[in-house]
Amino acid sequence: MSSPFRVIEGGRSEEPSPGLLIVGATEIATMAGGVRSGPSQGEIGRIGPIPADDPSSADGPVVACWEGRIAAVGPRSKVEAALAAEGYPLGRFARVDAAGGVVTPGLIDPHTHLLFGGSRENELILRQRGAGYMEILAAGGGILSTVAATREASAETLAAHGRRWLDEMLGHGVTTIEAKSGYGLDLETEIRLIQVAWDLGREGPIDVVPTYLGAHAVPAEYRARPDGVEAYVRSVIEEQLPGVAAHGRARFCDVFCEEGVFSADQSRRILQAAEAYGLTPRLHADELVPSGGAELAAEIGAASADHLAAPSAAGMDALAVAATTDRPVVATLLPATTWFLMKEHHAPARAFIDRGVPVAIGTDFNPGTSPTASLPLAMTAACLNLRMTPDEVLAAVTINAARALLLEDEIGSLEPGKAADVVIWKVPTTSQIPYWPGADLVRTVIKRGRIVLDR
Ligand SMILES: [Zn+2]
């Protein structure tokens with residue numbers, strides 16, 4: 001973690017005031033109270049609008065930040081009294097006007113493929129003509145064409161691309177993302193992707209959590225061999241994983257567990273080996289057909305099982321059982337992907353919520369199946385295609401997305417002691433965030449107590 005007041009945005013270097021007091025909000029979604037599941041998935045910890053007969057209604061709800069952390073949240077008079085009682089110097093809190101907007105925690109995108117070379121707009125046309133994902137992949141397109149372009153890309157080129165899209169994400173209110181490798185499929189390129197992701201996170205203002213995804217596809221040089229898939233799995237376990245672990249920057253290990261890609265048995269071997277190296281497992285599970293991914297995620301205690309557009313009944317059961325333990329597997333659903341793939345079938349979000357499985361939402365930002373960096377757009381897709389309510393979706397991109405990255409004690413809610421990652425929106429209610437698809441709704445973004453975007 002970097003220091004709360006590092007210099008950002010082209011070297012702007014004035015000493016910030018140690019405190020911020022966000023005033024003028026219509027309402028604040030605190031998301032206080034921990035990971036959401038079942039009936040609590042839609043509880044956003046709303047403060048305000050404060051009733052007119054309440055003496056504090058005149059000044060509304062506020063968020064106080066001090067030295068990069070949340071100090072207090074609530075009605076202004078109560079917050080100021082509490083801060084004074086605790087000895088905070090009220091004169092050193094700079095006022096930030098929310099101008100009637102809603103205030104939420106900074107959004108968290110728990111599933112992105114941030115770094116890649118090239119683009120794949122040609123596949124949009126192939127899909128319109130009826131080509132399927134596996135058909136495009138088998139013809140050397142899909143992930144493999146991005147792998148070829150990524151292997152050619154220098155660290156500088158990848159970093160410039162990453163900055164361009166992180167900037168876009170910041171404009172949509174995102175303050176932390178996960179970024180997977182997986183377009184190198186050899187040790188050298190995988191480490192280049194992980195290192196660039198790490199460097200971009202250090203550069204800020206968005207925090208970037210790197211994930212190693214060597215088992216994203218079988219690379220071309222192994223495909224010609226009769227034992228190609230198995231030989232590549234061995235190379236991931238015996239060559240890439242030790243190198244990635246020694247490099248020391250990746251936090252998680254991910255596998256594309258899907259019929260025709262990596263089987264549940266192969267995925268288990270890779271993820272167990274990764275765990276022995278200290279990389280926490282997460283996986284692409286049951287995106288296209290039931291492939292044992294949800295079952296495997298529950299069995300090995302993965303932090304998250306992602307996609308889940310086609311889980312088996314047994315897989316749903318396994319995630320429901322895991323949700324009753326102290327290590328629930330977050331179901332990270334990616335509705336922008338099923339939308340962009342023109343699917344009629346989407347992840348069964350309502351069934352997950354009914355069965356108590358915590359649900360997160362991510363963009364799946366990648367050049368083939370989800371070229372959007374807009375988490376609010378994915379929120380709209382979650383409302384329309386997954387039938388989640390706007391409040392359920394807000395929990396899915398804040399506290400539950402934090403849990404999917406095992407960061408729920410640090411980010412994802414506005415509670416005293418947590419990182420002061422805050423978004424002030426141009427709309428007055430949380431339910432308007434997914435209601436205006438594609439619009440620029442963010443007024444101000446605060447990252448660890450510093451204003452990093454102000455429109
Ligand atoms: Zn993905």
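Residues numbered from 1 in each chain as written. Predicted model: local features only at pLDDT ≥ 70, side-chain atom pairs only at ≥ 80, totals over all residues. Heavy atoms only, no water.

Caption draft 1: Quick peek at the coordination of the zinc ion. Bound to the zinc ion on the protein side are H111 (NE2), H113 (NE2), H284 (NE2) and D364 (OD), at distances that span 2.0 to 2.5 Å. Note that the zinc ion binds 4 donor atoms; their angles at the metal cover 80 to 166°, and the shape is irregular. Counting the intervening residues between successive donors of the zinc ion yields the motif H-x1-H-x170-H-x79-D. Of this pair, H113 sits in the loop between β8 (107-109) and α2 (122-128) while D364 sits in the loop between β15 (359-361) and α14 (375-385), and the two are 251 residues apart along the sequence. (Donors = N, O, S within 2.8 Å, 3.2 Å for Na, K, Ca; no water. Tetrahedral: all angles 85-135°; square planar, octahedral: opposite > 155°, others 65-115°. Helix = DSSP H or I, 4+ residues; strand = E, 2+ residues; numbered from the N terminus.)

Caption draft 2: Region of the structure containing the pattern of salt bridges. Applying the stated rule across the entire model yields 26 salt bridges. With a shortest N-O distance of 3.8 Å, E80 and R95 are connected by a salt bridge. Residue E80 is found in helix α1 (residues 76-85), and its partner R95 is found in strand β6 (residues 93-97); the two are separated by 15 residues along the sequence. The partly exposed category is assigned to E80, whose relative accessible area is 23%. In this structure R95 comes out as partly exposed when scored by relative accessible area, which is 45%. (Salt bridge = Lys/Arg side-chain N within 4 Å of Asp/Glu carboxyl O. Buried < 20%, exposed > 50% of the residue type's maximum accessible area, 1.4 Å probe, protein only.)

Caption draft 3: Region of interest: the sheet that holds strand β7 (residues 102-105). Spatially, 6 strands are ordered β3-β2-β7-β16-β17-β18 in an open sheet, and the strand pairing comes out mixed. This sheet does not close on itself; its edge strands, each paired only once, are β3 (46-47) and β18 (450-454). In terms of strand pairing, strand β17 (residues 442-447) meets β18 through 4 bridges, oriented antiparallel. Bridge assignment links T444 to a residue of β18, and that residue is D454. (Pairing = 2+ DSSP bridges.)

Caption draft 4: Main features of unusual backbone geometry. With an omega of 0°, the peptide bond between G204 and P205 qualifies as cis. Structurally, the position occupied by P205 is in the loop between α6 (187-203) and β10 (207-215). Here the phi dihedral of L185 falls at roughly 60°; this positive angle occurs in a residue that is not glycine. Turning to its location among the elements, L185 is positioned in the loop between β9 (174-180) and α6. Assessed through its relative accessible area of 1%, L185 is described here as buried. The phi angle at H307 is positive, at roughly 85°, despite the residue not being glycine.

Caption draft 5: Structural context of the pairing of strand β14 (residues 330-333). Alternating positions in β14 separate into two faces, V330 and T332 on one and A331 and L333 on the other, with burial throughout. Pairing between strand β13 (residues 304-307) and β14: 3 bridges, direction parallel. The residue bridging A305 from the neighbouring strand is A331, located in β14. Note that the unit made of β13, helix α11 (residues 313-322) and β14 has a crossover that is right-handed. Relative to β15, β14 runs parallel, the two being bridged by 3 bridges. Bridging from a neighbouring strand, L333 pairs with I361 of β15. (Right-handed = clockwise from strand over helix to strand, strands pointing away.)

These results come straight from atomic positions and should not be treated as a statement about function.
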